[in-house]
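Structure assessment
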Amino acid sequence: ADARIAGELIELVARKPGALLCIAAGHTSLGLFDALAAACESGKTSLKDARFVAMDEWAGMGAATPGGCGDFLTRHFLSRVDLAPGNVRLFDGRAADLAAECDGVEDFIARSGGIDYLVLGVGMNGHIALNEPGSPFSSRSRAVPLDDTTRRVGQKYFGDPVALVGGVTLGVATLCEARRIAVTIY
C-alpha cells in the first residue's frame, strides 16, 4: 500500500506541483514517508512547490516537543523531503488560543485550495486524526478531549509517561472534503 500511495502522490505533484498533502503522523505512515523521501532523494519527484498540513497535535505540544505529532512529522518526513518550510502548516498545541490556532489551520487549507490528498491512519479505538468515536460529522478543526484508549496508546511516542488529555485536530468535515482519501491500517 505504501508504494501505491507514494506513486499516487508522485503523480499528483507532477500534475499539480502546488498540491496540498496531509499525511497522518504515526507509525502507520513510516513506510510511506520512506518511499517519498527515497523518491525525492533519487530525483524521481520534488515536493518543493507542494504544501503540507498536519492532521493533529497533542494539547500542550508543538513542533519541537519530543514525541509530539509535529516532531514526529519533522523527524520522519519533513526533514527528509524538499518541502519549503513556508509551505508547511503544523498545529501548535501550545497556542494560548487553540480555537484561533484551529482557525489558522483551516485558513491555510482554504488558501491552498483544499486538501488534494489525505492519508489517514485509524486509531486503536477507531479514531481518525484525533476525532474520537462519536465526533460530529460536521466538525471543523478544533480542540478535543481524548478517549482513555488514545491516551494510553499515545504513550508509545514518548520516552517517559506524559499527560495526554486533549489535542487539536482537523475535524471530520474538514477531512472528508479532501479530494482523495487513502486509509491505512497499521
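Anyway, here's the lowdown on the structure attached to this text. Everything numeric in this text was worked out from a predicted model, so none of it was measured. (Residues numbered from 1 in each chain as written. Predicted model: local features only at pLDDT ≥ 70, side-chain atom pairs only at ≥ 80, totals over all residues. Heavy atoms only, no water.)

Describing the packing of helix α1 (residues 2-15) against helix α2 (residues 30-42)
- Orientation of α1 relative to α2, taken along the N-to-C sense of each, is 45 degrees, at an axis distance of 9 Å. Considering their axes alone, α1 and α2 lie oblique with respect to each other. Every pair of crossing elements has a handedness; the one defined by α1 and α2 is right-handed. Contact residues: α1 offers Asp2, Ile5, Ala6, Leu9 and Ile10, while α2 offers Gly31, Leu32, Ala35, Leu36 and Ala39.
- Among the residues making up the contact of α1 with α2, the classes are represented as eight nonpolar, one polar and one charged. (Axes fitted to C-alpha atoms, helices over the stretch in contact; angles between N-to-C directions. Helix = DSSP H or I, 4+ residues; strand = E, 2+ residues; numbered from the N terminus. Parallel < 35°, antiparallel > 145°, perpendicular 65-115°, else oblique. Left-handed = near helix turned anticlockwise from the far one by under 90°. Contact = heavy atoms within 4.5 Å. Nonpolar A, V, L, I, M, F, W, Y, C, P; charged D, E, K, R; others polar.)

Topic: the pairing of strand β7 (residues 166-169)
- Of the two faces of β7, the one lined by Gly166 and Val168 and the one lined by Gly167 and Thr169 are each fully buried.
- Relative to β7, strand β3 (residues 56-58) is paired through three bridges, and the arrangement is antiparallel. In the strand pairing of β7, Asp56 is matched with Thr169.
- Bridge count for strand β6 (residues 142-145) against β7 is four bridges, and the pairing is antiparallel. Bridge pairing links Arg142 to Thr169 in β7. (Buried < 20%, exposed > 50% of the residue type's maximum accessible area, 1.4 Å probe, protein only. Pairing = 2+ DSSP bridges.)

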